[in-house]
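Examination of the molecular architecture
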Amino acid sequence: MRFSAALSLSLLALASLTAAAQTPAQPAATPTAKKSVVPQSKAPKAQLASPQVTAPQAAKAALTPPMGWNSWNFFAEKVTDKDIRGAADQMVATGMKDAGYIYVNIDDTWEGKRDANGVLQTNSKFPDMKALADYVHSKGLKIGIYSGPGPQTCGGYEGSLGHEEQDAKMYADWGIDYLKYDLCSFIPAVMMKQAPNDKAAQMKLMIAAYDKMNKALKATGRPIVFSLCQYGWDAVWEWAPSVGGNLWRTTGDVSPDWDRIYAIVSQQAGLEKYAGPGHWNDPDMLEVGNGHLTLAENRTHFSLWAMLAAPLLAGNDLPNMKPEIKAILTNKEVIAIDHDKLGRQASRVYSDGEVDVWARPLAGGAKAIAVVNAGDNRYSTHPFHLSLAKLGLHGPQTAKDLWTGKTITLTDNMPLELPSHDVLLVRIPAPK
Ligand code: GLA
């Protein structure tokens, strides 16, 4: 990763400076070679009044959680123009597009240097961004790009600091439909420098930086989905819509490990009140099909992202996607839960030992329920008993199991045997 030594040191300094005052750290992303240096510690909360939510003007482009594919989780810094074209081709060929995956998002490492007029050039991996955008659009898809408010991106490439209007205009000229805006070097370069000992002032600077790009995007007149990536700092869910955020990362980076995915899921409980059409909590991109996740883990990961009304941005190797992974990613009934028009994110209704029960209301009075076995060692001698009463349900319920496609009857305290890290995901069309 081309993250400059100076910047890495500054981030380390930030981590140790904030350590004394910080609330317990969020679970860190499992470090992998491809991941860039992102502070995983949680900054102390600033004492700021919540800005007024003014979501509607930005909301139209993301009335349902954005769906697509992003280059980072599989290609990381190696991504090229050819990979993006290939991803677009595969999204059409595999049926992903038909299932609703529309955005093809280029993550970090496309950036070159600025010319004498401050115009950012692409690097040699992306010879012609306008032509690439045209190609993606010609497939009936949309295209996303990545930058950050600091002088450098997380990967150490050129950021947008001081060039926000210029960059936004360039994105619009290229035909960009989506921007992921990643905090990273803004922390040492601006927050730490301008307000070294004042956390509240640092957070204000951060919010202002997101608002600056929000205004620059709006000024282009092109609807561009605005994705905030600042790892959930300072209760971003409380203020992101007021700076035009259509989605905002709620945690540090995901990785293709069950423990990391489960830790992220656990951090979403309680955030449901902040999500709705046009503005979504983002527990990070999908790792379905990546690493060594088992089939059950892939299924549970996808089910929970759907329950959480999360953006569904696949991040797998599309040309080599296995049929069972494609079946998960394109399960239309699960996607329909994610995209239910009420836009109500699930809440964790109760946990019992290592089993969690999540539920969300759906349009037309229906309900979705996910029962997740997060444990490793539960056997049929001690099955889990599902409490319908705790879910506000009375008597037997007719439900559809969205992974087997079978109609089942749920009864109060029924024993459930779920394999380790697996899920029961059901839709109850007429709950009683
Ligand atoms: C951060 C983000 C990731 C990815 C990388 C790119 O780590 O959280 O999602 O965009 O930067 O450098």
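Residues numbered from 1 in each chain as written. Predicted model: local features only at pLDDT ≥ 70, side-chain atom pairs only at ≥ 80, totals over all residues. Heavy atoms only, no water.

1. Let's talk about helix 6 (residues 129-138)
Quick note on the threshold: Burial status follows relative accessibility: with a 1.4 Å probe on protein chains alone, a residue under 20% of its type maximum counts as buried, one over 50% as exposed, and anything between as partly exposed. Think of it this way: any DSSP run of H or I at least four residues long counts as a helix, any run of E at least two long counts as a strand, and we number them from the N terminus. Each direction from the helix axis to a C-beta atom contributes to the arc, which is the arc of those directions. Contacts between residues were defined by any pair of non-hydrogen atoms, one from each residue, lying within 4.5 Å. Think of a polar contact as two N or O atoms within 3.5 Å of one another; within protein, one of them needs to be a possible hydrogen donor and the other a possible acceptor, and neighboring residues in sequence only count if both atoms come from side chains.
Taken as a whole, helix 6 has its buried residues at M129, L132, A133 and V136. Along the axis of helix 6, the buried positions cluster into a sector of 100 degrees, meaning they face one direction only. Looking at the buried positions of helix 6, the neighbouring elements they touch are helix 4 (81-93), strand 2 (103-105), strand 4 (120-122), strand 5 (142-147) and helix 7 (164-174). Backbone nitrogen of K130 and a side-chain oxygen of the N-cap are separated by 3.2 Å at the start of helix 6; the cap is D128.

2. Some words on the state of the cysteines
To keep things clear, this is the line we draw: Disulfides are defined as cysteine sulfur pairs within 2.5 Å.
If you walk through the whole model with that rule in mind, you get 1 disulfide. Of the cysteine sulfurs around C229, a residue in no disulfide, the closest is that of C154, at 6.3 Å.

3. Observations regarding the nonpolar core
Put simply, the rule reads: As used here, the term nonpolar core means buried Ala, Val, Leu, Ile, Met, Phe, Trp, Tyr and Cys residues forming a set that is joined through side-chain atoms within 4.5 Å.
Membership of the largest hydrophobic core comes to 98 residues, with the highest contact counts inside it found for Y101, W110, Y171, F302 and L329. In terms of residues, this core owes the most to one element, helix 9 (residues 199-220), which gives 8 residues. Counting residues in each nonpolar core, the second largest holds 19 residues, with V357, A399, L418 and L424 among its members.

4. A short note on the packing of aromatic side chains
Selection rule: Pairing of aromatic rings covers Phe, Tyr and Trp, the last counted by its six-membered ring, and requires centre-to-centre distances within 6.5 Å; plane angles under 30 degrees mean stacked, over 60 mean edge-to-face, and any other angle means tilted. Think of it as a cone above the ring: NZ of Lys or CZ of Arg counts as a charge over the ring if it is within 6 Å of the ring centre and within 35 degrees of the ring normal.
Under the defined criterion, the tally for this structure stands at 12 aromatic pairs. Taken together, the aromatic side chains of Y181, Y210, F226 and W239 make up a single cluster linked through ring pairs. A cation over an aromatic ring shows up here: R85 above the ring of Y135, its NZ or CZ 4.9 Å from the ring centre. Directly above the ring of Y350 sits K390, whose terminal nitrogen or CZ lies 4.5 Å from the centroid.

5. Some remarks on the pairing of strand 5
Note the cut-off: Here the rule is simple: two strands pair whenever DSSP picks up at least two bridges between them.
The element strand 5 is largely enclosed, with a buried count of 5 among its 6 residues. Strand direction decides the pairing type here: strand 2 and strand 5, joined by 3 bridges, are parallel. Bridged to V104 within strand 5 is I143. The sheet contact formed by strand 5 and strand 6 (residues 178-182) spans 4 bridges and is parallel.

6. Focus on the pattern of salt bridges
Test applied: The term salt bridge refers to a pairing of a side-chain nitrogen on Lys or Arg with a carboxyl oxygen on Asp or Glu at a separation within 4 Å.
According to the stated counting rule, one finds 14 salt bridges in the structure shown. Salt-bridge contacts for R114 lead to E158; the nearest nitrogen and oxygen are separated by 3.3 Å. Note that R114 is positioned in strand 3 (residues 111-114) and E158 in the loop between strand 5 and helix 7, a separation of 44 residues in sequence. Taking the relative accessible area as the measure of exposure, R114 reaches 17% and is therefore buried. With a shortest N-O distance of 3.1 Å, D173 and K169 are connected by a salt bridge. A residue pair is termed a helical-turn pair when its members lie 3 or 4 positions apart in one helix, as D173 and K169 do in helix 7 at 4 residues. A residue is classified by how much of its surface remains accessible, and D173, at 47% relative accessible area, is partly exposed. One salt-bridge network, in which partners are shared between bridges, spans R114, E158 and D167.

7. Quick notes on the confidence of the model for the protein chain
Note the following rule: A residue's pLDDT is the predictor's confidence in that residue, given on a scale from 0 to 100.
On average, residues of the protein chain carry a pLDDT of 89, and 86% of them reach 70 or more. Within the protein chain, strand 10 (residues 312-314) carries the highest mean pLDDT (99), whereas helix 1 (residues 5-19) carries the lowest (36). Scored below 50 in pLDDT, residues 1-58 shows 118 contacts in the model against residues more than four places distant or in partner chains.

8. Notes on the side chain of S71
Inspection of the secondary structure puts S71 in the loop between strand 1 (67-70) and helix 3 (72-75). The class for S71 is buried, based on a relative accessible area of 0%. Of the polar contacts made by the side chain of S71, one reaches the backbone nitrogen of D107; its length is 2.9 Å. When near neighbours in sequence (up to four residues on either side) are disregarded, S71 contacts A76, V79, I84, N105, I106 and D107.

9. Structural notes on the packing of helix 7 against helix 9
Using the following cut-off: Helix axes are fitted to C-alpha atoms over the stretch in contact, other axes to C-alpha atoms as well, and angles between N-to-C directions run from 0 to 180 degrees. Any angle between 65 and 115 degrees counts as roughly perpendicular, while under 35 counts as roughly parallel, over 145 as roughly antiparallel, and the rest as oblique. Less than a right angle of anticlockwise turn of the near helix away from the far helix marks a crossing as left-handed, whereas a clockwise turn marks it as right-handed.
Following both chains from N to C, one finds helix 7 and helix 9 inclined at 40 degrees, their axes separated by 8 Å at the closest point. One element, helix 7, and the other, helix 9, form an angle in the oblique class. Crossing of helix 7 over helix 9 shows right-handed handedness. The residues of helix 9 that touch helix 7, namely those facing E164, E165, D167, A168, K169, Y171 and A172, are K212, M213, A216, L217 and T220.

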